[in-house]
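Listed here are the chains, written in short residue letters.
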Amino acid sequence: DSAVQAVAEGGMLAVTCTDMGVLCGNHGEACFAKYGSYPVRGKHCHEMALRIVLSSIEHHANRYKRYIVPMLSVSVDFY
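Here's what I pulled together on the structure shown here. (Residues numbered from 1 in each chain as written. Predicted model: local features only at pLDDT ≥ 70, side-chain atom pairs only at ≥ 80, totals over all residues. Heavy atoms only, no water.)

## Side note on the overall build of the protein chain
A tally of helices and strands in the protein chain yields four helices and zero strands. Going from N to C terminus, the protein chain has its helices and strands arranged as α-α-α-α. Oriented by its inertia axes, the alpha-carbon framework of the protein chain measures out at about 35 × 25 × 15 Å. Within the protein chain, the fraction of its 79 residues that count as buried is 24%. Positive and negative side-chain charges in the protein chain, numbering 7 and 7 respectively, have mean positions lying 3 Å apart. (Helix = DSSP H or I, 4+ residues; strand = E, 2+ residues; numbered from the N terminus. Buried < 20%, exposed > 50% of the residue type's maximum accessible area, 1.4 Å probe, protein only. Lys, Arg positive; Asp, Glu negative; His and termini not counted. Charge placed at Lys NZ, Arg CZ, Asp CG, Glu CD.)

## Some thoughts on the packing of aromatic side chains
Overall, the coordinates contain one aromatic pair when judged by the stated rule. Geometrically, the ring pair formed by Phe32 and Tyr38 is stacked, given 4.8 Å between the ring centres and 10° between the ring planes. Overall, the relative accessible area of 41% leaves Phe32 in the partly exposed class. What makes Tyr38 exposed here is its relative accessible area of 52%. (Phe/Tyr/Trp six-rings, centres within 6.5 Å; stacked < 30°, edge-to-face > 60°.)

## Here we look at a nonpolar patch on the surface
Taken together, Met12, Tyr67, Val69, Met71, Leu72, Val74 and Val76 make up a surface patch of nonpolar side chains, about 910 Å² in accessible area. Checked against the element boundaries, Val69 lands in the segment after helix 4 (45–62). (Patch = residues over 30% accessible without salt bridge, like charges linked within 9 Å, V, L, I, M, F, W, Y side chains within 5 Å. Areas by Shrake-Rupley, 256 points an atom, 1.4 Å probe, with all protein chains shown as cover. Salt bridge = Lys/Arg side-chain N within 4 Å of Asp/Glu carboxyl O.)

## Digging into the side chain of Ser56
Take Ser56: it is sitting in helix 4. Taking relative accessible area as the criterion, Ser56 reaches 9% and is therefore assigned buried.

## Points about unusual backbone geometry
In this structure, Lys65 takes a positive phi of about 55° despite not being glycine. With respect to the element layout, Lys65 can be found in the segment after helix 4.

Here is the structure:
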C-alpha cells in the first residue's frame, strides 16, 4: 500500500518476492491473507505466482485511483 502511494505519476515501482512457497500453493490460506488469491499447485505455479503478485499490486493501486503497467516480469529459480 505505502509503496504504491509513494510512486509519483509516471514513476516506476520495482518489486521482488521470495515467498514462492506461499505463492506456489504450499500455504494457500497464507497466500489469500497476503495477496487475496488462492494458488493452484502445478507445473505452471511460477507463472501463476507472477500473476497473483501483479493482481495484488493492481488492487492496491486501484484504491488510490491508480493503475499499473507491467514492464517486465521474471521468474528465476531460487535456492
